[in-house]
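Structural overview for review
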Amino acid sequence: MSRDKNFRKLMTSNNDPDRDEILESIKSQINDENNSVSQTGDTLVMSSQTYSRKKLILILGIVILCVVLALSSYFIWRFVSTPKQRYCTINDYYAEDTSVTIKDYAAANKKQIKYIDWYNEIEYFYGQHYKLKTNNEIVCLYEQVVNSDGLFCHLYVTDNLTELDILNMFIMLCKEQIENSVVSLLYGTDTQSSYVMFEYQHYKYYLQVEGIFDQNYILNLVNDLLN
């Protein structure tokens, strides 16, 4: 029996017991419907909360993924683009005699390599290029001269990312730091020579002068090289 029919019967009924029974039936139906509406509302609220939570998780996941991708790209770029230091031993390179001075090599290859322009005054010249065995890349320029003072001078030049085992003697001996107006130098001596090493404009320079232990003389040679 529907609630409307019950209600009409309630209004027309003169029998109190029947009226009470119908009234209880109507109340029961109303309560059932209220409970149903309440449950439906709760379900809608819960569904909305669940959707909002999933949406938030999705957004956070996308943000985290973007951050991870950005950081990964940055570190990969740094790893690929950052020049690598290399240390070459006698097993990696060979020396080839050359008549090409450091001055001529720099001019021919358009490199900003410094040199001591003493070629019109020297009495003896000997040059070498150190090349990698794998691809013949020149990794070190070397020249030995006897200057106008009768002194043997040795000059090695590498780029600032390359080290050769033959230059370890400079690293071992040059412990004293001295300054000139342009660069900071490391200076040292042994019983036969003075040594100085420094870096300037992406190149490393190693100078050995035999028989001279005057620090000012060495500094003047460095100034000649840089000027």
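Residues numbered from 1 in each chain as written. Predicted model: local features only at pLDDT ≥ 70, side-chain atom pairs only at ≥ 80, totals over all residues. Heavy atoms only, no water.

Attention now moves to the overall build of the protein. Looking only at helices and strands, the protein features 5 helices and 10 strands. Looking at the 227 residues of the protein, the share that counts as buried comes to 32%. (Helix = DSSP H or I, 4+ residues; strand = E, 2+ residues; numbered from the N terminus. Buried < 20%, exposed > 50% of the residue type's maximum accessible area, 1.4 Å probe, protein only.)

Right, let's get into the sheet that holds strand β4 (residues 138-146). Here 8 strands make up an open sheet; going across it, the order is β2-β3-β4-β5-β10-β9-β8-β7 and the pairing antiparallel. Edge strands, defined here as strands with exactly one partner in the open sheet, are β2 (93-98) and β7 (176-179). Shown here is a sheet whose adjacent strand axes are inclined to one another by a mean of 20°, direction ignored. Sheet analysis places strand β3 (residues 124-132) next to β4, joined by 8 bridges and oriented antiparallel. Pairing of His-129 across the sheet is with Leu-141, part of β4. Running over the sheet, helix α5 (residues 215-226) touches β5 (152-159), β7, β8 (184-189), β9 (193-200) and β10 (203-210) and is turned about 35° from β9. (Pairing = 2+ DSSP bridges. Axes fitted to C-alpha atoms, helices over the stretch in contact; angles between N-to-C directions. Contact = heavy atoms within 4.5 Å.)

Right, let's get into the environment of Gln-85. Note on placement: Gln-85 falls in the loop between α2 (16-81) and β1 (86-88). A C-alpha to C-alpha distance of 8.3 Å links Gln-85 and Asn-160, two positions 75 residues apart in sequence. With sequence-adjacent residues up to four places away left out, Gln-85 is seen in contact with Asn-160, Leu-161 and Thr-162.

Turning to the environment of Leu-226, a few remarks are in order. Summarising the element assignment, Leu-226 is placed in helix α5. Overall, the relative accessible area of 7% leaves Leu-226 in the buried class. Not counting the four nearest positions on each side in its chain, Leu-226 is found in contact with Lys-114, Asn-180, Val-182, Val-183, Phe-198 and Tyr-200.

Right, let's talk about the environment of Glu-163 for a bit. In this fold, Glu-163 is placed in strand β6 (residues 162-164). Taking the C-alpha atoms as reference points, Glu-163 and Cys-140, separated by 23 residues in sequence, lie 8.9 Å from one another.

A separate point is a nonpolar patch on the surface. Side chains of Leu-56, Leu-60, Ile-64 and Val-68 sit close together on the surface and give an oily, nonpolar patch of about 380 Å² of accessible area. As for its placement among the helices and strands, Leu-56 is situated in helix α2. (Patch = residues over 30% accessible without salt bridge, like charges linked within 9 Å, V, L, I, M, F, W, Y side chains within 5 Å. Areas by Shrake-Rupley, 256 points an atom, 1.4 Å probe, with all protein chains shown as cover. Salt bridge = Lys/Arg side-chain N within 4 Å of Asp/Glu carboxyl O.)

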